[in-house]
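Structure at a glance
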Amino acid sequence: MSEIYDIGYRHYDGPRLGRSHTTLALGVHSLRGVFGLGRPARSKIMPFSLAAIMMMPVVVAIAVMSLTQQRILDYSGYAVVMQAVVAIFLASQAPTVVAPDLRHRVLPLYLSRPVTITEYVGAKVAAMTVALFLLLAVPLTVMFLGDLLVDMPGPTPTGEYLGALVSAAVLALLLSTVGLALAALTPRRGLGVASVITVYLLSTGAAPMFYAALYEAGYRSVGAWGWLINPFWLIDALQVWLFGSVAHVPDGLYPSGPAPLLIVPALIAAAVAVLSARYRKAASQ
């Protein structure tokens, strides 16, 4: 004999926001995690300390502008000058975006809802890109506002500032895709940090060595390609070609032509493909 029990379940009659809202919520959650929001206080120390370090040269530059009426920083070269700080931020925070889900094997739970691998990866990349863009764009904006308040002689460098913002956005996207792809290769956060910082150090060391070796051999124009090994100099070469800004490498020499415009999308596409393949493999386990 069977019995029917009323256990209080009811149909949901509220709003159904759809997959786009799910993806947005995942992206916001990941972005908050980058800055340690909603997490213990120790999780906020690294990102906010690095953000404060990024602001220090700007404060000094504004003080010098007000006293001497001279600029000691240019907008287009700020990311190159501060690349070590940006790289440490990426290495320390990229694993927090991808490692927990891989370590705790909750990806099948995410995908049990109408969220695809593409949307999941897109949310993670968007969160890291926004975080890096804020890290770069806020100091540039403060420096521009300081330039307006000090009222430096000559035309306002609005074009240079806007070009630097565009370059910062492209750099943030490139670093995010590559950094997340490297960090996602292991579920352990420490190994993810090590992998990202190792690749950065290798690219930073290899670029000048490659250039110097070919320069000494008499192949100066060929050696200029060596600077493109480093993502920061790669984006610097891109903005030189697009906006005519000053090159921030010794001798001011980058390869002529639109090579950076072809290399950057190729690297982003390759990194996204690696990241997607990693998550597809994790989802199938």
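For the structure itself, consult the block above.
These notes cover the structure that comes with them. Everything numeric in this text was worked out from a predicted model, so none of it was measured.

Comments concerning the environment of Thr 129
With respect to the element layout, Thr 129 can be found in helix α6 (residues 117-150). When its relative accessible area of 14% is taken as the criterion, Thr 129 is described as buried. Taking the C-alpha atoms as reference points, Thr 129 and Ala 183, separated by 54 residues in sequence, lie 15 Å from one another. Filtering out sequence-adjacent residues up to four positions away, Thr 129 remains in contact with Ala 169, Ala 172, Leu 173 and Ser 176.

Looking at a nonpolar patch on the surface
A cluster of nonpolar residues, Val 166, Trp 241, Leu 242, Phe 243 and Leu 261, forms a patch on the protein surface that exposes about 450 Å² of accessible area. Considering every element that reaches the nonpolar patch, the biggest residue donor is helix α10 (residues 231-243), with three residues.

A look at the nonpolar core
In this structure, Phe 89, Met 128, Leu 132 and Tyr 279 are the most contacted members of the largest nonpolar core, which totals 71 residues. Counting residues per element, this core draws most heavily on α6, at 14 residues. If sequence neighbours within four positions are ignored, Phe 89 has contacts with Val 34, Phe 35, Pro 47, Leu 50, Ala 94, Met 128, Ala 131, Leu 132 and Leu 135.

Notes on the pattern of salt bridges
Applying the stated criterion across every chain, the model contains one salt bridge. A salt bridge links Arg 71 to Asp 147; its shortest N-O distance comes to 2.8 Å. Here Asp 147 lies in helix α6 and Arg 71 lies in the loop between α2 (42-68) and α3 (78-81), a separation of 76 residues in the sequence. A relative accessible area of 37% means that Arg 71 is categorised as partly exposed.

Considerations on the packing of aromatic side chains
On inspection of all chains with the given rule, the structure shows 10 aromatic pairs. Seen in terms of ring centroids, Tyr 75 and Phe 144 are 6.4 Å apart; in terms of plane orientation they differ by 65°. Their pairing is edge-to-face. Residue Tyr 75 is found in the loop between α2 and α3, and its partner Phe 144 is found in helix α6; the two are separated by 69 residues along the sequence. Side by side, Tyr 75 and Phe 144 carry an identical accessibility label, which is buried. Chaining the aromatic ring pairs together yields one cluster made of Tyr 211, Tyr 215, Trp 227 and Trp 233.

What about α10?
Between its first and last C-alpha atoms α10 spans 18 Å; for 13 residues at 1.5 Å apiece the expected length is 18 Å, and the two agree. Of all the residues in α10, the buried ones are Pro 231, Phe 232, Trp 233, Leu 234, Ile 235, Asp 236, Ala 237, Leu 238 and Gln 239. Those residues of α10 that are buried lie in contact with α3, α4 (83-104), α7 (158-183), α8 (189-216) and α11 (259-284). N-cap assignment for α10: the residue whose side-chain oxygen lies 2.8 Å from the backbone N of Phe 232 is Asn 230. Remark: Gly 244 follows α10 within two positions and exhibits a positive phi of approximately 70°.

So, how was this worked out
- Every chain's residues receive numbers from 1 upward, in the order its sequence appears when written.
- Per-residue local features are limited, in this predicted model, to residues with pLDDT of at least 70; the limit for side-chain atom pairs, both in listing and counting, is 80 or more; totals at the level of whole chains, interfaces and linings are taken over all residues.
- Values reported for side chains reflect all heavy atoms of the structure, with hydrogen atoms and water molecules removed beforehand.
- The numbering of helices and of strands both runs from the N terminus, where a helix is a DSSP run of H or I of at least 4 residues and a strand a run of E of at least 2.
- Note on exposure labels: buried denotes an accessible area under 20% of the residue type's maximum, exposed denotes more than 50%, and partly exposed covers the range between, all computed with a 1.4 Å probe on protein chains only.
- Should any heavy atoms of two residues lie within 4.5 Å, those residues are counted as being in contact.
- Only residues above 30% relative accessible area that lack a salt bridge enter a patch, with like-charged residues linked at up to 9 Å and the nonpolar side chains Val, Leu, Ile, Met, Phe, Trp and Tyr linked at up to 5 Å.
- All accessible areas in this document rest on Shrake-Rupley with a 1.4 Å probe, and a residue is counted as covered only by the protein chains that are shown.
- Any Lys or Arg side-chain nitrogen located within 4 Å of an Asp or Glu carboxyl oxygen qualifies as a salt bridge.
- Among buried residues, the Ala, Val, Leu, Ile, Met, Phe, Trp, Tyr and Cys ones that are joined through side-chain atoms within 4.5 Å form a nonpolar core.
- Aromatic rings from Phe, Tyr and Trp, with only the six-membered ring used for Trp, were paired whenever their centres fell within 6.5 Å, and each pair was classed as stacked if the ring planes differed by under 30 degrees, edge-to-face if by over 60, and tilted otherwise.
- To estimate how far a helix should reach, multiply one less than its number of residues by 1.5 Å.
- Pairs of N or O atoms within 3.5 Å make up the polar contacts considered here, provided that, within protein, one atom can donate a hydrogen while the other can accept it, and that residues adjacent in sequence are counted only when both atoms are side-chain atoms.

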